[in-house]
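So the chains spell out like this:
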Amino acid sequence: MKGVTDLDYISLILGYIILIIPFYILWYYKTGLVKDAFIAFIRMTIQLLLVGFYLEFIFELNSSILNLTWVFVMTILATYTVINRSELKIKEFFLPIFIAIVLSVLIIDAYFLGIVIKLNNLFDARYLIPITGMLLGNSIKTIIIALNTYYKQLKKEKELYKWYLANGATRQEALVPFKKEALKSAFNPVIANVAIVGLISLPGMMTGQILGGSSPTVAVKYQIMLMIMVFSSSIFSVFLSIYFADKKVFDSFDNLKKIGKTK
Amino acid sequence: MVTPLISVNNISISYDKNEVVKNLSFQLSKGDKAVITGESGKGKSSILNALAGFVPISNGNIFFSNIELLPKYIGEIRSNIAWLPQETALHFDSVKEIIYSLFSLHKNKPDTPSKAEIHQLLNQLNISPVLLDKEIDEISGGQKQRILLAGALLLKKEVLIIDEPTSDLDEKNKKLITDFILTQKELTVIAVSHDAYWIENSSKNIAL
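Source: prediction; values computed, not measured. Just so you know, the residues in each chain are numbered from 1, in the order the chain's sequence is written. Whichever chain is written first becomes A and whichever ligand is written first becomes 1, with later ones labelled in order. With the structure being a predicted model, the display of local features is reserved for residues of pLDDT at least 70 and the display and counting of side-chain atom pairs for 80 or more, all residues being used for whole-chain, interface and lining totals. Hydrogens and waters are ignored; side-chain quantities use all the structure's heavy atoms.

Student: Explanation requested: the sheet that holds strand β9 (residues 204-207) of chain B in the structure shown.
Tutor: Sheets are built from strands paired through backbone hydrogen bonds, the pairs being either parallel or antiparallel. Residue and element names in this part refer to chain B. Spatially, the five strands line up as an open sheet ordered β6-β7-β8-β3-β9, and their pairing is parallel. Every other strand in the sheet has two partners, leaving β6 (81-84) and β9 as the edge strands with one partner each. Taken pair by pair, the neighbouring strands of this sheet meet at an average axis angle of 15°, ignoring direction. The pairing of β6 with strand β7 (residues 159-163) spans four bridges and is classified as parallel. When the bridges of β7 are listed, Ile-81 appears paired with Val-159. Strands qualify as paired when DSSP identifies two bridges or more between them. Starting at the N terminus, helices and strands are each numbered in turn, a helix being any DSSP run of H or I of at least four residues and a strand any DSSP run of E of at least two. Only the contacting stretch of a helix is used when fitting its axis, a line to C-alpha atoms as for every element, and angles between N-to-C directions run 0 to 180 degrees.

Student: I tried to follow the pairing of strand β3 (residues 33-37) of chain B on my own but got confused; where do I start?
Tutor: Within a regular strand, the side chains alternate between the two sheet faces. Residue and element names in this part refer to chain B. Exposure is judged per residue with a 1.4 Å probe applied to protein chains only, and the accessible area is read against the type maximum: over 50% gives exposed, under 20% gives buried, and values in between give partly exposed. With five of its five residues buried, β3 lies for the most part within the structure. Burial along β3 is two-sided: Lys-33, Val-35 and Thr-37 and Ala-34 and Ile-36, pointing in opposite directions, are all buried. Summarising the sheet, β3 and strand β8 (residues 188-192) pair through four bridges and their orientation is parallel. The partner of Ile-36 across the bridge, within β8, is Val-192. Across four bridges, β3 lies against β9 in parallel orientation. Opposite Val-35, over in β9, you have Asn-205 as the bridge partner.

Student: Could you clarify how one ought to interpret the sheet that holds strand β5 (residues 67-68) of chain B in this entry?
Tutor: Residues and elements named next belong to chain B. Sheet architecture is open: four strands sit in the order β2-β1-β4-β5, paired in antiparallel fashion. Every other strand in the sheet has two partners, leaving β2 (18-28) and β5 as the edge strands with one partner each. Here strand β4 (residues 59-64) pairs with β5 via two bridges, running antiparallel. By the bridge assignment for β5, Phe-64 is matched with Ile-67. What makes two residues a contact is simply this: any of their non-hydrogen atoms within 4.5 Å. Of the strands in this sheet, β1 (6-15), β2 and β4 touch helix α1 (residues 44-51), which is tilted by about 120° from β1.

Honestly, it's all geometry; don't read function into it.
Printed below as a string of structure tokens:
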């Protein structure tokens, strides 16, 4: 296996130079996106550099407690992102969604690292942190879509929910069609994506691993496992988020409370 | 004195400090056919919603027989009523779903009607059972209304709470459906209606 060619600063600058062309196109068509794009790339650069430094440090220390703390910090950030993007109230939704994400990520981490890869130290930074990051990044997208669909449908089809309830359904039964819609809207695109992997798209992790010097067969095996874990943790976290949030969003007569942000 | 089947005592309903129903009381006995009448915005639908626990009452109380409408009894109360909002408010994928989703519920499962029973009732409501195999957008609003009604009646509950039951029907079907429902001896009906024939044939008018 040969090591990867490191990028020196001149190479990095050369890399940035290519941006002139897309920025020029955005500017020429007066899209108003140049400033946003510029800020986005600066942010991306700073965030990744900081994470790079931080990960170097955390990898070197490799303390289980520090690694777990970092996982919790990532989960808190993920929870905030989900709640903000779903326009829900932080106060009511933080705990249920946080618990849902923590549980699903920890279960999948433990299964993947402990049973599949059989690591001696489950909290090894080199595995725990990037894999948790991948699980969280993918779960966030699906939870946001699922929660948005779920509450939007519950408001839009309120009469259908009431029709079930008032004709003898338990709350769980009356919610089944809404959970079904939420799962469908969140996981249809994910399943489509799983089905085309390798044909049209090469996943980032696998590409990174190959560039990092791994043999393609090893990279592929990791990628397969990772896609299964990402899919499972996303479904768990969607299911648990809705399950825990349900305990907060209905009144004692099973009516949906006002849940959006008051603006 | 016999306990009334439904007893509404001095209830008020408000939305954001705007009181739409004030100190309303009425009693219904088994078999009564009540209709709530009044102009738009007078809170007619709100009363139906309050009866099923979907809208909070700000004072007074509601009893079904001797069970008070409280959170701990709401499941029991809801399993003794059949509820039908205006047809346009409900969306389904298929026609069959309207009937069968009601009987997929745990509480209603033991009462699942036979195919023959369903077909017989549909025929009585002037609906061809063939329609059950159609997609929802292949039937008219009036047909959907009667199929929803068939579902509600097949549940064989004591009380039918129904909003504008004949709004989408032509004159002939309006008369047929009104006569059919209002002559079900055992059934207690509480409806909101603007229809003169329905109002005329109801046994009790709660005018707001």
